[in-house]
Amino acid sequence: MFELRVRSSFAAAHRLHEYPDQCRRLHGHNWEVEAVVVGPELNAAGMLVDFALLKNELRQVVGALDHCYLNELAAFGPEKNPTAENIARHIFTELKARLAGIGPAGVLTAVTVWESPAAAATYREG
Ligand SMILES: Nc1nc2c(c(=O)[nH]1)N=C([C@H](O)[C@H](O)COP(=O)(O)OP(=O)(O)OP(=O)(O)O)CN2
Ligand SMILES: [Zn+2]
């Protein structure tokens, strides 16, 4: 089995409801994002999926969050906090849909979002 990882990043603002600390106030992060794609077979070029394709798709998904106030986006809204966990699940769902439309050999299994070099959340399926 082969496992590929591609990374992207975005800068955005958020605030966390139901949080008893300064994170309730408006603040920002530079989020780092990693997507993991797995599969057993290589193509004639010796690739599971071209990194260029994966990076482009991830960039499209992450780009929709870049320089946004995340709480205002429909993906999060007033009720769902834009935590690293919810951001990871959102990116996973969007990227999975985009990759399904292209039909590459690999399967998306996880998305990890780092809020800082010391703190990350992963959403995975399969
Ligand atoms: N499980 C989660 N916990 C927290 C999240 C999250 O998304 N998932 N997010 C936050 C806030 O976004 C906050 O801005 C980050 O808090 P913290 O990790 O404390 O960041 P600091 O840079 O202030 O950390 P220090 O290491 O203390 O400097 C909080 N928790
Ligand atoms: Zn924060």
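Every value quoted in this text rests on a predicted model; they were computed, and no experiment measured them.

Draft legend 1. Looking closely at the packing of helix H1 (residues 51-63) against helix H2 (residues 84-102). It is the contact of H1 with H2, at a shortest axis distance of 10 Å, that shows an interaxial angle of 135 degrees. Put simply, H1 runs oblique to H2. Considering only the axes of H1 and H2, their crossing is right-handed. Residues Leu53, Leu54, Glu57, Leu58, Gln60, Val61 and Val62 of H1 pack against Ile91, Glu94, Leu95, Arg98, Leu99 and Ile102 of H2.

Draft legend 2. Region of interest: the site of ligand 1. Taken together, His14, Leu16, Tyr19, Gln22, Cys23, His27, His29, Thr83, Ala84, Glu85 and Glu115 form the complete shell of residues around ligand 1. Note that an oxygen atom of ligand 1 is positioned 3.0 Å from one of the side-chain N or O atoms of His29. The side chain of Glu85 places a nitrogen or oxygen atom 2.7 Å from a nitrogen atom of ligand 1. For ligand 1, whose free accessible area comes to 630 Å², the fraction covered by protein is 49%.

Draft legend 3. Expanded view of the sheet that holds strand E2 (residues 27-39). Pairing is antiparallel in the open sheet, where 4 strands are placed in the order E1-E2-E3-E4. Edge positions in the open sheet fall to strand E1 (2-14) and strand E4 (119-124), since each of these has one partner strand only. Averaged over all neighbouring strand pairs, the angle between strand axes comes to 20 degrees, with direction disregarded. Bridging between E2 and strand E3 (residues 107-116) involves 7 bridges; their strand directions are antiparallel. The residue of E3 that forms the bridge with Ala35 is Val111.

Definitions and cut-offs
As a convention, each chain's residues are numbered from 1 in the sequence order in which they are written. Chains and ligands are labelled sequentially in the order written, the chains with letters from A and the ligands with numbers from 1. pLDDT decides what is reported in this predicted model: residues at 70 or higher carry local features, side-chain atom pairs at 80 or more are listed and counted, and totals for whole chains, interfaces and linings draw on all residues regardless. The basis for every side-chain value is the complete set of heavy atoms in the structure, and neither hydrogens nor water enter the calculation. Working convention: axes come from line fits to C-alpha atoms, limited for helices to the stretch in contact. Angles between N-to-C directions cover 0 to 180 degrees. A run of H or I in DSSP counts as a helix once it spans at least four residues, and a run of E counts as a strand once it spans at least two, with each numbered from the N terminus. The cut-offs work like this: below 35 degrees is roughly parallel, past 145 is roughly antiparallel, 65 to 115 is roughly perpendicular, and the gaps in between are oblique. In this scheme the handedness of a crossing depends on how the near helix is turned from the far one: anticlockwise by less than a right angle means left-handed, clockwise means right-handed. Any two residues having at least one pair of non-hydrogen atoms within 4.5 Å are treated as being in contact. The criterion for a residue being near a molecule or strand is simple. One of its heavy atoms has to lie within 4 Å of it. Polar contact is defined as a pair of N or O atoms within 3.5 Å, subject to the rule that within protein one atom must be able to donate a hydrogen and the other to accept it, and that residues adjacent in sequence are counted only when both atoms are side-chain atoms. Using a 1.4 Å probe, accessible areas were evaluated by the Shrake-Rupley method; residue-level cover was limited to the displayed protein chains. Only when DSSP finds a minimum of two bridges between them are two strands counted as paired.

Just geometry here; none of it tells us what the structure is for.
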